[in-house]
Amino acid sequence: PTLLDEQKPLFGYVSDCYWLDIGTPAKYLLAHHDILEGKIEHNLAGQELKQGVWIGEGTVISPEAKISAPVIIGRDCQVEAHAKIGGLSAIGDGCVIEANASLEGCVILDNCQVGENSLLNNSILGRRVKLGKRVRVSDQAVIGDDCLIGEDNYLGKGIKIWPSTEIEPGKIRF
């Protein structure tokens, strides 16, 4: 409106290229989902372990873990026994997904640890986040870099946790 009020030139560009404003957690997740679903041409790094499952060098996946496409897991990660990584998940380098943890539709940045029996659904973890046992993160929740989330916390409904926050065990059920 200011440009028009000041009668300054305003230009547009018509394109058929993919574009998405990723300024909200929902749109940030959608961009990752679109890449994993092949809606955007992109060369995924790593080795295709099976159709739609990409893993980086040095990543170790327990034979008892269950991975469902499409998924990308970075370098030097560890996925423990009975962990479940569901489709539309993107996991950064150096992450540990502990036994019986379950992930679906998540974006997890580098060097995170997801505690045993934790559940992540449609959410975002920043870098170096550590989740204790039985933590639930869902509904487009965003956990900032360097957070420590104690066991038995439930973070949902779009909650946003500021970087470098430590939450004691069992303090949040949102």
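Residues numbered from 1 in each chain as written. Predicted model: local features only at pLDDT ≥ 70, side-chain atom pairs only at ≥ 80, totals over all residues. Heavy atoms only, no water.

*Asks:* I would appreciate a short explanation of the environment of Gly-158 in the present structure.
*Replies:* Mapped onto the fold, Gly-158 is located in the loop between strand S19 (154-155) and strand S20 (160-161). The sequence separation of Gly-158 and Lys-39 amounts to 119 residues, and the corresponding C-alpha distance is 26 Å. Not counting residues within four places of it along the chain, the set of residues in contact with Gly-158 comprises Ser-138, Asp-139, Gln-140 and Ala-141. (Helix = DSSP H or I, 4+ residues; strand = E, 2+ residues; numbered from the N terminus. Contact = heavy atoms within 4.5 Å.)

*Asks:* Whenever I open this one, the side chain of Ser-118 confuses me. Can you help?
*Replies:* Among the secondary structure elements, Ser-118 is positioned in the loop between strand S12 (113-114) and strand S13 (119-121). At a separation of 3.4 Å, a polar atom in the side chain of Ser-118 contacts the main-chain amide nitrogen of Arg-134. For Ser-118, the contacting residues outside a window of four places in its chain are Asn-100, Ala-101, Ser-102, Gly-132, Lys-133, Arg-134 and Val-135. (Polar contact = N/O pair within 3.5 Å; in protein donor to acceptor, adjacent residues only side chain to side chain.)

*Asks:* I would appreciate a short explanation of the sheet that holds strand S17 (residues 142-143) in the present structure.
*Replies:* Strand pairing in a sheet relies on backbone hydrogen bonds. The paired strands run either parallel or antiparallel. Reading across the sheet, the eight strands line up as S1-S2-S5-S8-S11-S14-S17-S20 and stay open at both edges, with mixed pairing between neighbours. Edge positions in the open sheet fall to strand S1 (47-50) and S20, since each of these has one partner strand only. Alignment of strand S2 (residues 53-55) against strand S5 (residues 71-73), held across three bridges, turns out to be parallel. Along S5, the bridge assignment pairs Trp-54 with Ile-72. (Pairing = 2+ DSSP bridges.)

*Asks:* Would you mind showing me how to read the sheet that holds strand S9 (residues 96-97) here?
*Replies:* Sheet architecture is open: seven strands sit in the order S3-S6-S9-S12-S15-S18-S21, paired in parallel fashion. Pairing within the sheet leaves two strands with one partner each, and these edge strands are strand S3 (60-61) and strand S21 (166-167). Where S3 lies against strand S6 (residues 78-79), two bridges are found, and the strand directions are parallel. Bridging from a neighbouring strand, Ile-61 pairs with Val-79 of S6.

*Asks:* I keep staring at the packing of aromatic side chains and nothing clicks. Help me out?
*Replies:* For any pair of aromatic rings, geometry is given as the distance between the ring centres together with the angle between the planes. Using the criterion set out here, one finds zero aromatic pairs in the structure. The ring centre of Tyr-154 lies 4.8 Å from the NZ or CZ of Arg-136, which sits over that ring. Looking at Lys-157, its charged tip hangs above the ring of Phe-174, at a distance of 6.0 Å from the centre. (Phe/Tyr/Trp six-rings, centres within 6.5 Å; stacked < 30°, edge-to-face > 60°. Lys NZ or Arg CZ within 6 Å of the ring centre and 35° of its normal.)

*Asks:* Even after reading the chapter, I still don't get the environment of Gln-113, so can you show me in this structure?
*Replies:* With respect to the element layout, Gln-113 can be found in strand S12. Judged by relative accessible area, which is 25%, Gln-113 ranks as partly exposed. Taking C-alpha positions, Gln-113 is 10 Å from Val-79, a pair spaced 34 residues apart along the chain. In contact with Gln-113, other than residues within four places in its own chain, are Val-96, Glu-98, Val-129, Lys-130 and Leu-131. Within the structure, the side chain of Gln-113 is placed 2.4 Å from the side chain of Glu-98, a separation counted as a polar contact. (Buried < 20%, exposed > 50% of the residue type's maximum accessible area, 1.4 Å probe, protein only.)

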